[in-house]
Structures are given as C-alpha cells and as structure tokens.
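# Understanding the architecture of this molecule
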Amino acid sequence: FVGVRFQHLKPDDLVLHGQAFRCPVEFGCRHNELVYRREVDSYPIGFQFAALPDMIARYAAARGGAGADGGGSVRATVEAVIPCLTGTGYCTLGHVAQLLGIGPKTLQRRLAGEGANFAELVDGARRRMAMQLLAESEAPMASIAGLLGYARTAPFTFAFRRWTGQAPRDYRKAMRQNTAGR
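First things first, this report covers the structure right here in the doc. Residue positions are given per chain, counted from 1 along the sequence in the order it is written. At least 70 in pLDDT is required for a residue's local features to be given in this predicted model, at least 80 for side-chain atom pairs to be given and counted, and no such filter applies to totals for whole chains, interfaces and linings, which use all residues. Water and hydrogen atoms play no part in the side-chain values, which are based on all heavy atoms of the structure.

The next thing to look at is the side chain of serine 137. Helix numbers and strand numbers start at the N terminus; a helix is a DSSP run of H or I with at least 4 residues, a strand a run of E with at least 2. Tracing the chain through its elements places serine 137 in the loop between helix H6 (118–136) and helix H7 (141–147). The term polar contact refers here to a pair of N or O atoms within 3.5 Å; inside protein, the definition further demands a hydrogen-donor-capable atom paired with an acceptor-capable atom, and it admits residues adjacent in sequence only when both atoms are side-chain atoms. Within polar-contact distance, the side chain of serine 137 engages the backbone oxygen of leucine 133 at 2.6 Å. We call two residues in contact whenever any of their non-hydrogen atoms come within 4.5 Å of each other. Excluding anything up to four places from it in sequence, serine 137 contacts Gln132, Ile144, Arg172 and Arg176.

What follows deals with the sheet that holds strand E1 (residues 3–5). Consider a sheet: its strands pair through backbone hydrogen bonds, and that pairing is either parallel or antiparallel. Strand pairing is assigned whenever DSSP detects at least two bridges linking the two strands. An order of E2-E1-E3 is seen for the three strands of this open sheet, with the pairing classed as mixed. Whereas interior strands pair on both sides, the edge strands pair on one side only; in this sheet they are strand E2 (25–26) and strand E3 (33–35).

Closest axis-to-axis distance for the H6/helix H8 (residues 153–164) pair is 11 Å, and the angle between their directions is 95°. Of the possible angle classes, the one that applies to H6 and H8 is roughly perpendicular. From H6, Asp123, Arg126, Arg127, Ala130, Met131 and Leu134 reach across to H8, where they touch Phe156, Phe160, Arg162, Trp163 and Thr164. Residue classes follow a fixed rule: Ala, Val, Leu, Ile, Met, Phe, Trp, Tyr, Cys and Pro count as nonpolar, while Asp, Glu, Lys and Arg count as charged, and any other residue, Gly among them, counts as polar. Counted by class, the contact of H6 with H8 contains six nonpolar, one polar and four charged residues. Axis definition: a line fitted to C-alpha atoms, over the contacting stretch in the case of helices. Angles run 0 to 180 degrees between N-to-C directions. By definition in this entry, angles of less than 35 degrees are roughly parallel, angles greater than 145 are roughly antiparallel, angles of 65 to 115 are roughly perpendicular, and the rest are oblique.

This part is about the pattern of salt bridges. For this document, the term salt bridge refers to a Lys or Arg side-chain nitrogen within 4 Å of an Asp or Glu carboxyl oxygen. Inspection of the entire model under this criterion finds five salt bridges. With its nearest N and O atoms 3.4 Å apart, the salt bridge here joins arginine 5 to glutamate 26. Of this pair, arginine 5 sits in strand E1 while glutamate 26 sits in strand E2, and the two are 21 residues apart along the sequence. Think of it in three bands: with a 1.4 Å probe and only protein chains considered, a residue is buried below 20% of the maximum accessible area for its type, exposed above 50%, and partly exposed in between. Since its relative accessible area comes to 39%, glutamate 26 is described here as partly exposed. For glutamate 33, the salt bridge identified is with arginine 5, shortest N-O distance 3.0 Å. Linking glutamate 33 in strand E3 with arginine 5 in strand E1, this pair joins segments that are 28 residues apart in sequence. For arginine 5, a relative accessible area of 28% translates into the label partly exposed. Here the residues in one salt-bridge network are Arg5, Glu26 and Glu33, joined through shared partners.

Centre distance within 6.5 Å is the pairing criterion for rings of Phe, Tyr and Trp, where only the six-membered ring of Trp is used; planes under 30 degrees apart are then read as stacked, over 60 as edge-to-face, and the remainder as tilted. On inspection of all chains with the given rule, the structure shows six aromatic pairs. Note on phenylalanine 160 and tyrosine 171: the rings are 5.3 Å apart at their centroids and 65° apart in plane angle, and the pair reads as edge-to-face. With phenylalanine 160 in helix H8 and tyrosine 171 in helix H9 (residues 168–180), this residue pair connects regions lying eleven residues apart in the sequence. On the basis of relative accessibility, which here comes to 10%, the residue tyrosine 171 falls in the buried class.

In structure tokens, the structure reads:
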C-alpha cells in the first residue's frame, strides 16, 4: 500500500497502525480506503483471506486489552472496534460478532454480563467522535453526520442535542471560544 485512510479519529497510540500498514495513515477522512499502485489491479488473487477476523480481533484486543474468547473485557474489545466501523454500514451487532468469531446472541449475553449493550456502546462512540470532530476539525455538519453513519444532518443534530443539550453548531462555537480564551 502507498497509503491508508480511516474515517475514525486519530488514536493516541499509532504503533499498531505503523506495524500493520508500513505506509502513511490518515484519519478523519470521508471514507475508509487502502491506496495502492495501479499495477496491483493486475495481480491475481489466489487466496481467501480467512485470517481477517482473527487479525481484527487481535487488533481490537491490543487496543482494548481484551478478547472475545473470555480472556478479557468483551466490552473493551467492542468499544475498540466500533469507531473503526462507524459510518461504514458494518457497525452492526452481527458484523462485530462475526469479526470476533462469536454469534450475535453470545456477544449480546457477554456484553449484558458486563452491564453493557451494543446500541449504547455505538451511541457512546458516536457521541465521543462527534464532540471531537466538532472541537478539532472544520468539517461541515453534513460530513460529520455522514462519518458517524447518519443519512442526514437532522438525525445527527437531534442525537447531539440528546447527548449534550445543545446544537452541534453551538457546541463547536463554545469549544472555539474556550480554545481562544486560553
């Protein structure tokens, strides 16, 4: 690859990204994508990438210190995976369970055992990502809504008001005023 782009925000620790990709990695992009040289299109694909779920589970475990095998917090693992999938159409209970190599009902039971549920974890991740994007970027509201998986700005605005009690534009303005006042 000559580059990798992620929709999710830049994590504090980039060691895993550097080890995995060995090329420039960008965050907060409109799409998740792998950028490669055009001649790669002509290479034959002679294998099934069956190791992908295991790789994602190990990445999530390294990020969250957990695993779906019961050796750690399933909640932390799912919380690490959700921002990577938000806005992609793959941020579903079924898909995350598949990535972790377990069934959806098993994932629900394990999360419930830790006092969590998938919808609340997704909602919390969206809230954190929205607040960070509004505070740290110039991205338009429609772009932020799309990055977070909302089809339109109105549902995003409604959710943001539910989370914070204020409109996204007001939050951004207040964050800029706080930053300017320092």
